[in-house]
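Here is what each chain is made of, one letter per residue.
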Amino acid sequence: MILRGKVAIITGGAMGIGLGICKVFLKLGATVIILDCSDKIKNALEELIKISKNIIGYKVDITNKDLVDKIVTAIYNRYGKIDILINNAGVFKLTKFLEISDELRDFHFDINIKGTWNVTKAVYPYMIKHKYGKIINLSSITGVKVAGIGEVAYATTKAALIGFTKSLAIESAKYNITVNAILPGYTITPLFKKFALNNNINITKSVIKEIILGIPIKRLGTTEEIGYLAAFLASDLANYITGAEFVIDGATSIPKIKNIDV
Ligand SMILES: NC(=O)c1ccc[n+]([C@@H]2O[C@H](COP(=O)([O-])OP(=O)(O)OC[C@H]3O[C@@H](n4cnc5c(N)ncnc54)[C@H](O)[C@@H]3O)[C@@H](O)[C@H]2O)c1
(Lines give C-alpha, C1' and ligand atoms only; values in the text may rest on other atoms or scores of the structure.)
Protein backbone atom coordinates (compact mmCIF):
# COMPACT_ATOMS: atom_id res chain seq x y z
CA MET A 1 0.00 0.00 0.00
CA ILE A 2 2.67 2.49 -1.07
CA LEU A 3 0.09 5.25 -1.57
CA ARG A 4 -1.81 4.82 1.69
CA GLY A 5 -3.11 8.17 2.96
CA LYS A 6 -2.08 10.09 -0.17
CA VAL A 7 -4.52 12.40 -1.94
CA ALA A 8 -4.18 12.28 -5.73
CA ILE A 9 -5.78 14.30 -8.51
CA ILE A 10 -5.84 12.40 -11.80
CA THR A 11 -6.94 14.27 -14.94
CA GLY A 12 -8.59 12.29 -17.72
CA GLY A 13 -9.42 9.43 -15.35
CA ALA A 14 -12.74 8.58 -16.99
CA MET A 15 -11.19 6.15 -19.47
CA GLY A 16 -8.02 4.75 -20.97
CA ILE A 17 -4.68 5.23 -19.23
CA GLY A 18 -6.18 7.61 -16.66
CA LEU A 19 -8.71 4.99 -15.63
CA GLY A 20 -5.92 2.40 -15.35
CA ILE A 21 -3.94 4.78 -13.12
CA CYS A 22 -7.04 5.38 -10.94
CA LYS A 23 -7.51 1.61 -10.44
CA VAL A 24 -3.91 1.09 -9.35
CA PHE A 25 -3.88 4.15 -7.08
CA LEU A 26 -7.06 2.99 -5.31
CA LYS A 27 -5.63 -0.53 -4.89
CA LEU A 28 -2.48 0.99 -3.37
CA GLY A 29 -4.40 3.03 -0.80
CA ALA A 30 -4.71 6.51 -2.31
CA THR A 31 -7.73 8.78 -2.24
CA VAL A 32 -8.40 9.65 -5.87
CA ILE A 33 -10.10 12.68 -7.39
CA ILE A 34 -10.79 12.53 -11.12
CA LEU A 35 -11.04 15.65 -13.26
CA ASP A 36 -12.51 14.79 -16.66
CA CYS A 37 -14.78 16.50 -19.20
CA SER A 38 -16.45 13.31 -20.41
CA ASP A 39 -19.87 11.97 -19.36
CA LYS A 40 -18.08 8.61 -19.05
CA ILE A 41 -16.84 9.83 -15.66
CA LYS A 42 -20.09 8.45 -14.21
CA ASN A 43 -19.35 4.92 -15.48
CA ALA A 44 -15.77 5.20 -14.28
CA LEU A 45 -16.86 6.17 -10.78
CA GLU A 46 -19.33 3.25 -10.67
CA GLU A 47 -16.51 0.88 -11.62
CA LEU A 48 -13.89 2.41 -9.31
CA ILE A 49 -16.04 2.56 -6.20
CA LYS A 50 -15.99 -1.25 -6.24
CA ILE A 51 -12.23 -1.07 -5.61
CA SER A 52 -12.35 1.64 -2.94
CA LYS A 53 -14.79 4.20 -1.60
CA ASN A 54 -12.01 6.82 -1.61
CA ILE A 55 -12.91 8.09 -5.05
CA ILE A 56 -14.74 11.16 -6.31
CA GLY A 57 -14.89 12.94 -9.64
CA TYR A 58 -15.54 16.37 -11.08
CA LYS A 59 -16.77 16.92 -14.62
CA VAL A 60 -14.55 19.74 -15.85
CA ASP A 61 -12.75 20.77 -19.00
CA ILE A 62 -9.16 21.45 -17.92
CA THR A 63 -8.95 24.35 -20.39
CA ASN A 64 -11.45 26.20 -18.19
CA LYS A 65 -8.93 27.83 -15.87
CA ASP A 66 -11.42 29.53 -13.53
CA LEU A 67 -13.40 26.35 -12.98
CA VAL A 68 -10.19 24.32 -12.48
CA ASP A 69 -9.07 26.84 -9.83
CA LYS A 70 -12.42 26.62 -8.02
CA ILE A 71 -12.48 22.81 -8.08
CA VAL A 72 -8.90 22.45 -6.89
CA THR A 73 -9.62 24.85 -4.01
CA ALA A 74 -12.70 22.79 -3.11
CA ILE A 75 -10.60 19.60 -3.18
CA TYR A 76 -7.98 21.17 -0.91
CA ASN A 77 -10.64 22.43 1.50
CA ARG A 78 -12.19 18.96 1.65
CA TYR A 79 -9.04 16.87 2.10
CA GLY A 80 -6.63 19.40 3.65
CA LYS A 81 -3.83 18.54 1.20
CA ILE A 82 -3.05 17.48 -2.36
CA ASP A 83 -0.06 15.11 -2.46
CA ILE A 84 -0.11 13.93 -6.06
CA LEU A 85 -1.09 15.36 -9.44
CA ILE A 86 -1.22 13.14 -12.50
CA ASN A 87 -1.55 15.27 -15.64
CA ASN A 88 -2.92 12.59 -17.91
CA ALA A 89 -5.79 14.19 -19.92
CA GLY A 90 -4.75 14.60 -23.52
CA VAL A 91 -6.02 14.54 -27.10
CA PHE A 92 -4.67 13.37 -30.43
CA LYS A 93 -5.99 13.85 -33.97
CA LEU A 94 -3.76 12.54 -36.73
CA THR A 95 -3.58 15.19 -39.51
CA LYS A 96 -0.86 16.18 -41.98
CA PHE A 97 0.85 19.52 -41.26
CA LEU A 98 -0.66 21.60 -44.10
CA GLU A 99 -4.13 20.31 -43.24
CA ILE A 100 -3.89 21.25 -39.58
CA SER A 101 -6.18 24.25 -39.11
CA ASP A 102 -5.27 26.77 -36.44
CA GLU A 103 -8.30 25.48 -34.53
CA LEU A 104 -7.01 21.91 -34.62
CA ARG A 105 -3.53 23.08 -33.60
CA ASP A 106 -5.03 25.02 -30.70
CA PHE A 107 -7.20 22.04 -29.73
CA HIS A 108 -3.97 20.10 -29.08
CA PHE A 109 -2.06 23.01 -27.53
CA ASP A 110 -4.99 24.11 -25.34
CA ILE A 111 -5.66 20.71 -23.78
CA ASN A 112 -2.29 18.98 -23.81
CA ILE A 113 -0.15 21.97 -22.83
CA LYS A 114 -2.35 24.72 -21.40
CA GLY A 115 -4.71 22.30 -19.66
CA THR A 116 -1.76 20.62 -17.93
CA TRP A 117 -0.42 24.08 -17.10
CA ASN A 118 -3.79 25.19 -15.60
CA VAL A 119 -4.20 22.20 -13.29
CA THR A 120 -0.56 22.30 -12.20
CA LYS A 121 -0.75 26.02 -11.44
CA ALA A 122 -3.91 25.49 -9.40
CA VAL A 123 -2.43 22.62 -7.36
CA TYR A 124 1.14 23.91 -6.98
CA PRO A 125 0.55 26.55 -4.22
CA TYR A 126 -0.96 23.87 -1.98
CA MET A 127 2.01 21.58 -2.57
CA ILE A 128 4.39 24.42 -1.74
CA LYS A 129 2.38 25.17 1.41
CA HIS A 130 2.81 21.56 2.60
CA LYS A 131 6.38 21.24 1.28
CA TYR A 132 5.34 18.03 -0.43
CA GLY A 133 4.23 17.09 -3.90
CA LYS A 134 4.56 14.57 -6.74
CA ILE A 135 3.64 15.80 -10.21
CA ILE A 136 3.61 13.31 -13.07
CA ASN A 137 3.02 14.39 -16.66
CA LEU A 138 1.85 12.00 -19.38
CA SER A 139 4.04 12.80 -22.36
CA SER A 140 4.58 10.14 -25.04
CA ILE A 141 7.36 8.45 -26.97
CA THR A 142 5.87 10.46 -29.88
CA GLY A 143 7.64 13.77 -30.34
CA VAL A 144 10.39 12.84 -27.91
CA LYS A 145 11.77 9.49 -29.09
CA VAL A 146 9.87 8.78 -32.33
CA ALA A 147 7.55 10.55 -34.77
CA GLY A 148 5.17 9.62 -37.54
CA ILE A 149 3.30 11.30 -40.39
CA GLY A 150 0.37 13.41 -39.25
CA GLU A 151 1.64 13.80 -35.71
CA VAL A 152 3.08 17.34 -35.78
CA ALA A 153 0.50 18.99 -33.51
CA TYR A 154 0.41 16.13 -31.02
CA ALA A 155 4.17 15.55 -31.06
CA THR A 156 4.81 19.28 -30.43
CA THR A 157 2.65 19.18 -27.31
CA LYS A 158 4.15 15.97 -25.95
CA ALA A 159 7.71 17.29 -26.43
CA ALA A 160 6.64 20.54 -24.74
CA LEU A 161 5.64 18.55 -21.67
CA ILE A 162 9.24 17.36 -21.32
CA GLY A 163 10.47 20.97 -21.16
CA PHE A 164 7.68 21.69 -18.68
CA THR A 165 8.67 18.68 -16.56
CA LYS A 166 12.38 19.45 -16.42
CA SER A 167 12.07 23.19 -15.80
CA LEU A 168 9.45 22.76 -13.13
CA ALA A 169 11.49 20.00 -11.48
CA ILE A 170 14.41 22.40 -11.01
CA GLU A 171 12.18 25.12 -9.62
CA SER A 172 10.34 22.69 -7.33
CA ALA A 173 13.26 20.87 -5.72
CA LYS A 174 13.52 23.29 -2.79
CA TYR A 175 9.84 22.70 -1.97
CA ASN A 176 10.21 18.90 -1.83
CA ILE A 177 8.07 18.59 -4.95
CA THR A 178 9.18 16.14 -7.63
CA VAL A 179 8.14 16.44 -11.27
CA ASN A 180 8.54 13.55 -13.70
CA ALA A 181 7.25 12.45 -17.08
CA ILE A 182 5.95 9.13 -18.35
CA LEU A 183 6.36 8.34 -22.05
CA PRO A 184 4.06 5.48 -23.03
CA GLY A 185 4.16 3.63 -26.31
CA TYR A 186 1.09 2.14 -28.02
CA THR A 187 -1.58 1.37 -25.46
CA ILE A 188 -5.05 0.31 -26.50
CA THR A 189 -7.39 2.96 -25.10
CA PRO A 190 -10.38 4.94 -26.46
CA LEU A 191 -7.85 7.53 -27.80
CA PHE A 192 -6.04 4.84 -29.75
CA LYS A 193 -9.35 3.44 -31.06
CA LYS A 194 -10.53 6.94 -32.15
CA PHE A 195 -7.21 7.48 -33.93
CA ALA A 196 -7.69 4.23 -35.82
CA LEU A 197 -11.34 5.00 -36.66
CA ASN A 198 -10.51 8.49 -37.99
CA ASN A 199 -7.94 6.92 -40.28
CA ASN A 200 -10.13 4.09 -41.47
CA ILE A 201 -7.91 1.59 -39.73
CA ASN A 202 -9.93 -1.37 -38.67
CA ILE A 203 -8.49 -2.56 -35.38
CA THR A 204 -8.75 -6.17 -36.24
CA LYS A 205 -6.52 -8.74 -34.65
CA SER A 206 -4.33 -8.64 -37.77
CA VAL A 207 -3.70 -4.87 -37.44
CA ILE A 208 -2.80 -5.29 -33.80
CA LYS A 209 -0.50 -8.15 -34.81
CA GLU A 210 1.11 -5.77 -37.31
CA ILE A 211 1.73 -3.17 -34.56
CA ILE A 212 3.03 -5.85 -32.22
CA LEU A 213 5.64 -6.84 -34.81
CA GLY A 214 7.37 -3.50 -34.08
CA ILE A 215 7.36 -4.09 -30.33
CA PRO A 216 10.27 -6.25 -29.09
CA ILE A 217 8.25 -7.43 -26.08
CA LYS A 218 5.63 -8.64 -28.59
CA ARG A 219 2.54 -7.26 -26.93
CA LEU A 220 0.85 -3.95 -26.19
CA GLY A 221 1.21 -2.32 -22.81
CA THR A 222 -1.76 -2.18 -20.48
CA THR A 223 -3.18 0.89 -18.81
CA GLU A 224 -2.54 -0.64 -15.39
CA GLU A 225 1.14 -1.19 -16.19
CA ILE A 226 1.36 2.56 -16.74
CA GLY A 227 -0.57 2.94 -13.48
CA TYR A 228 2.08 0.99 -11.54
CA LEU A 229 4.89 3.16 -12.96
CA ALA A 230 2.91 6.27 -12.00
CA ALA A 231 2.31 4.82 -8.53
CA PHE A 232 6.01 4.21 -7.98
CA LEU A 233 6.88 7.76 -9.08
CA ALA A 234 4.08 9.14 -6.89
CA SER A 235 5.26 7.21 -3.84
CA ASP A 236 7.94 8.02 -1.30
CA LEU A 237 10.07 5.23 -2.82
CA ALA A 238 10.84 7.75 -5.58
CA ASN A 239 11.78 10.76 -3.46
CA TYR A 240 15.15 11.18 -5.19
CA ILE A 241 13.72 10.97 -8.71
CA THR A 242 12.84 14.29 -10.32
CA GLY A 243 13.08 15.92 -13.73
CA ALA A 244 13.27 12.46 -15.28
CA GLU A 245 11.47 10.84 -18.20
CA PHE A 246 10.36 7.20 -18.13
CA VAL A 247 9.71 5.35 -21.35
CA ILE A 248 7.23 2.47 -21.02
CA ASP A 249 6.90 0.96 -24.49
CA GLY A 250 8.27 -2.60 -24.52
CA ALA A 251 11.41 -1.22 -26.28
CA THR A 252 9.38 0.05 -29.27
CA SER A 253 11.34 3.31 -29.51
CA ILE A 254 14.85 1.85 -29.41
CA PRO A 255 16.47 2.13 -32.86
CA LYS A 256 17.07 -1.39 -34.16
CA ILE A 257 20.14 -2.72 -35.93
CA LYS A 258 20.19 -5.74 -38.16
CA ASN A 259 21.92 -8.47 -36.21
CA ILE A 260 21.99 -12.18 -35.96
CA ASP A 261 19.45 -13.64 -33.62
CA VAL A 262 21.46 -16.13 -31.56
N1 LIG B 1 -2.95 5.46 -25.76
C2 LIG B 1 -1.70 5.57 -26.15
O3 LIG B 1 -1.22 4.75 -26.96
C4 LIG B 1 -0.83 6.70 -25.61
C5 LIG B 1 0.53 6.67 -25.95
C6 LIG B 1 1.35 7.69 -25.47
C7 LIG B 1 0.83 8.69 -24.66
N8 LIG B 1 -0.49 8.70 -24.34
C9 LIG B 1 -0.97 9.80 -23.49
O10 LIG B 1 -1.63 9.27 -22.35
C11 LIG B 1 -2.69 10.15 -21.97
C12 LIG B 1 -3.99 9.35 -21.92
O13 LIG B 1 -4.24 8.81 -23.19
P14 LIG B 1 -5.41 7.77 -23.47
O15 LIG B 1 -4.96 6.95 -24.61
O16 LIG B 1 -5.83 7.13 -22.21
O17 LIG B 1 -6.54 8.78 -23.98
P18 LIG B 1 -8.15 8.62 -23.95
O19 LIG B 1 -8.72 9.49 -25.02
O20 LIG B 1 -8.49 7.19 -23.98
O21 LIG B 1 -8.50 9.24 -22.55
C22 LIG B 1 -8.20 10.62 -22.32
C23 LIG B 1 -9.07 11.13 -21.20
O24 LIG B 1 -8.82 12.55 -21.08
C25 LIG B 1 -10.06 13.22 -21.01
N26 LIG B 1 -9.93 14.57 -21.54
C27 LIG B 1 -9.62 14.93 -22.81
N28 LIG B 1 -9.66 16.26 -22.94
C29 LIG B 1 -9.99 16.76 -21.72
C30 LIG B 1 -10.19 18.07 -21.22
N31 LIG B 1 -10.10 19.13 -22.01
N32 LIG B 1 -10.52 18.22 -19.92
C33 LIG B 1 -10.66 17.14 -19.11
N34 LIG B 1 -10.50 15.87 -19.53
C35 LIG B 1 -10.16 15.69 -20.82
C36 LIG B 1 -11.01 12.38 -21.87
O37 LIG B 1 -12.38 12.64 -21.56
C38 LIG B 1 -10.57 10.97 -21.49
O39 LIG B 1 -11.24 10.49 -20.36
C40 LIG B 1 -2.72 11.28 -23.01
O41 LIG B 1 -2.06 12.40 -22.49
C42 LIG B 1 -1.97 10.69 -24.18
O43 LIG B 1 -1.35 11.68 -24.96
C44 LIG B 1 -1.33 7.73 -24.81
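Refer to the structure printed above.
Starting afresh in each chain, residues are numbered from 1 along the sequence in its written order. A pLDDT threshold of at least 70 governs which residues receive local features in this predicted model, and a stricter bar of 80 or more applies before side-chain atom pairs are shown or counted, although totals over entire chains, interfaces and linings include all residues. Heavy atoms throughout the structure, all of them, feed into the side-chain values; hydrogens and water do not.

Around the ligand, 28 residues are found, and the nearest of them are Ile17, Asp36, Asn88, Tyr154 and Thr189. We call two N or O atoms a polar contact when they sit within 3.5 Å, provided that within protein one can donate a hydrogen and the other can accept it, with sequence-adjacent residues counted only if both atoms are side-chain atoms. Within the side chain of Asp36, one N or O atom sits 2.6 Å away from an oxygen atom of the ligand. A distance of 2.8 Å separates an oxygen atom of the ligand from a polar atom in the side chain of Lys158. Working definition: helices are DSSP H or I runs of at least four residues, strands are E runs of at least two. Numbering for both runs from the N terminus. Counting only elements with at least two residues in the shell around the ligand, the list comes to α1 (16–27), α5 (152–172) and α6 (190–198). Residues that form the shell around the ligand fall into these classes: 15 nonpolar, 10 polar and 3 charged. It suffices for a single heavy atom of a residue to lie within 4 Å of a molecule or strand for the residue to be listed as near it. Charged residues are taken to be Asp, Glu, Lys and Arg, nonpolar residues to be Ala, Val, Leu, Ile, Met, Phe, Trp, Tyr, Cys and Pro, and polar residues to be all remaining types, Gly included.

Here we come to the sheet that holds strand β4 (residues 84–87). Two strands qualify as a pair provided that DSSP identifies no fewer than 2 bridges between them. Pairing within the open sheet is parallel, and its 7 strands lie in the order β3-β2-β1-β4-β5-β6-β7. Strands at the two margins of the open sheet, each flanked by one partner only, are β3 (55–59) and β7 (245–248). The sheet shows a mean angle of 20 degrees between the axes of neighbouring strands, taken without regard to direction. With 5 bridges connecting them, strand β1 (residues 7–11) and strand β2 (residues 31–36) associate as parallel partners. Along β2, the bridge assignment pairs Ile10 with Ile34. Here helix α4 (residues 102–130) sits on the sheet in contact with β1, β2, β4, β5 (133–138) and β6 (177–184), set at roughly 170 degrees to β4. The convention used is that axes are lines fitted to C-alpha atoms, helices contributing only their stretch in contact, and that angles between N-to-C directions extend from 0 to 180 degrees. The contact definition used throughout considers only heavy atoms, calling two residues in contact when any of these lie within 4.5 Å.

The next subject is α4. The length a helix should cover is 1.5 Å for every residue beyond the first. The end-to-end C-alpha separation of α4 is 40 Å, in line with the 42 Å expected for 29 residues at 1.5 Å each. Lys114 marks the point of greatest bend in α4, at about 35 degrees. Looking one or two places after α4, you find Lys131, whose phi comes out positive at around 50 degrees. Here the bend at a residue means the angle between the axes of two seven-residue stretches, the one that ends at it and the one that starts at it.

Residues in a regular strand project their side chains so that they alternate between the two faces of the sheet. Burial classes: relative accessible area under 20% of the type maximum marks a residue as buried, over 50% as exposed, and values in between as partly exposed (1.4 Å probe, protein chains only). Among the 6 residues in β2, 6 count as buried, and that is most of the element. The pairing of β2 with β3 spans 5 bridges and is classified as parallel. Paired with Asp36 across the bridge in β3 is Lys59. Note on the crossover from β2 through helix α2 (residues 41–48) to β3: the handedness is right-handed. By definition, the crossover connecting two strands over a helix is right-handed if that path, from the first strand to the second, turns clockwise as seen with the strands pointing away from the viewer.

Function cannot be inferred from these measures alone, as they are strictly geometric.
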